[in-house]
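Letter by letter, the chains look like this.
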Amino acid sequence: MPAYPLAAPSVAVGAAFLNVKDAAEYLGLSPHTLYVWRHRRLGPPSFRMGPRGRVMYRREALNAWIREQEQADSRCNTALSPLNTPHHYRSGSTAVA
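A.B. asks: Describe helix H3 (residues 59-72), with residues and values.
C.D. replies: With 14 residues, H3 extends 20 Å between its outermost C-alpha atoms, agreeing within 8% with the 20 Å of an ideal straight helix rising 1.5 Å per residue. Of all the positions in H3, only Arg59, Ala61, Leu62 and Trp65 are classed as buried. Relative to the axis of H3, the buried residues are bounded by an arc of 160 degrees and lie together on one face. Exposed and facing more than 90 degrees away from the buried side of H3 are Glu60 and Glu68.

A.B. asks: Requested: an account of the packing of helix H1 (residues 20-27) against H3, with residues and values cited.
C.D. replies: Packing of H1 against H3 brings their axes to within 11 Å, and their N-to-C directions diverge by 35 degrees. The handedness of the crossing between H1 and H3 comes out as right-handed. On the side of H1, the interface is formed by Ala23, Tyr26 and Leu27, while H3 contributes Arg59, Leu62, Asn63, Trp65 and Ile66. Along the lines of polarity and charge, the residues of the contact of H1 with H3 split into 6 nonpolar, 1 polar and 1 charged.

A.B. asks: Give me the sheet that holds strand S1 (residues 17-19): which residues, what numbers.
C.D. replies: As summarised here, the arrangement of the 3 strands in space is S1-S3-S2, forming an open sheet in which the pairing is antiparallel. Strand pairing shows two members of the sheet lacking a second neighbour, S1 and strand S2 (47-49), which therefore form its edges. Sheet twist, expressed as the average angle between the axes of neighbouring strands with direction ignored, equals 55 degrees. Sheet strands touched by H3: S1 and strand S3 (54-58). Its angle to S3, the strand with the most contacts, is close to 60 degrees.

A.B. asks: Which residues make up the side chain of Asn19, and what are the values?
C.D. replies: Considering the arrangement of structural elements, one finds Asn19 in strand S1. Within the structure, Asn19 has its side chain in polar contact with the backbone nitrogen of Lys21 (distance 3.2 Å). Of note is the side chain of Asn19, whose polar atom sits 2.8 Å from the backbone nitrogen of Asp22. Those residues in contact with Asn19 that sit more than four places away from it in its chain are Arg54, Val55, Met56 and Tyr57.

A.B. asks: Report on the pairing of S3, specifying residues and quantitative values.
C.D. replies: In this structure, S1 lies alongside S3, joined through 3 bridges in antiparallel fashion. Counted as the bridge partner of Leu18 is Tyr57 from S3. By the bridge criterion, 3 bridges tie S2 to S3 in an arrangement that is antiparallel. In the strand pairing of S3, Arg48 is matched with Val55. Connecting the antiparallel pair S2 and S3 is a turn made up of 4 residues, with Gly50 showing a positive phi of about 85 degrees.

Conventions we followed
- Residues numbered from 1 in each chain as written.
- Predicted model: local features only at pLDDT ≥ 70, side-chain atom pairs only at ≥ 80, totals over all residues.
- Heavy atoms only, no water.
- Helix = DSSP H or I, 4+ residues; strand = E, 2+ residues; numbered from the N terminus.
- Expected span 1.5 Å × (residues − 1).
- Buried < 20%, exposed > 50% of the residue type's maximum accessible area, 1.4 Å probe, protein only.
- Arc of directions from axis to C-beta.
- Axes fitted to C-alpha atoms, helices over the stretch in contact; angles between N-to-C directions.
- Left-handed = near helix turned anticlockwise from the far one by under 90°.
- Contact = heavy atoms within 4.5 Å.
- Nonpolar A, V, L, I, M, F, W, Y, C, P; charged D, E, K, R; others polar.
- Pairing = 2+ DSSP bridges.
- Polar contact = N/O pair within 3.5 Å; in protein donor to acceptor, adjacent residues only side chain to side chain.

What follows is the structure, given as structure tokens:
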């Protein structure tokens, strides 16, 4: 058995707050993508923490954002699928069977 502890994975297990690098790894994205989304006010909610103002993400906010993305996608949410909506015809035109 080694006398020193084993190295922890990059994403801290059970951590409530994640930095940009760990949040990007958690989401399967690049840190650059998160920076661009933050600049454009897109993506998961983030905030600055501490005296140096490091950008952080709450793990629970990341999970909520993922659920929102799933619900907004018509492939996951059948209520949004255009295949499940009735056909609308313009007035004055006839439907051809």
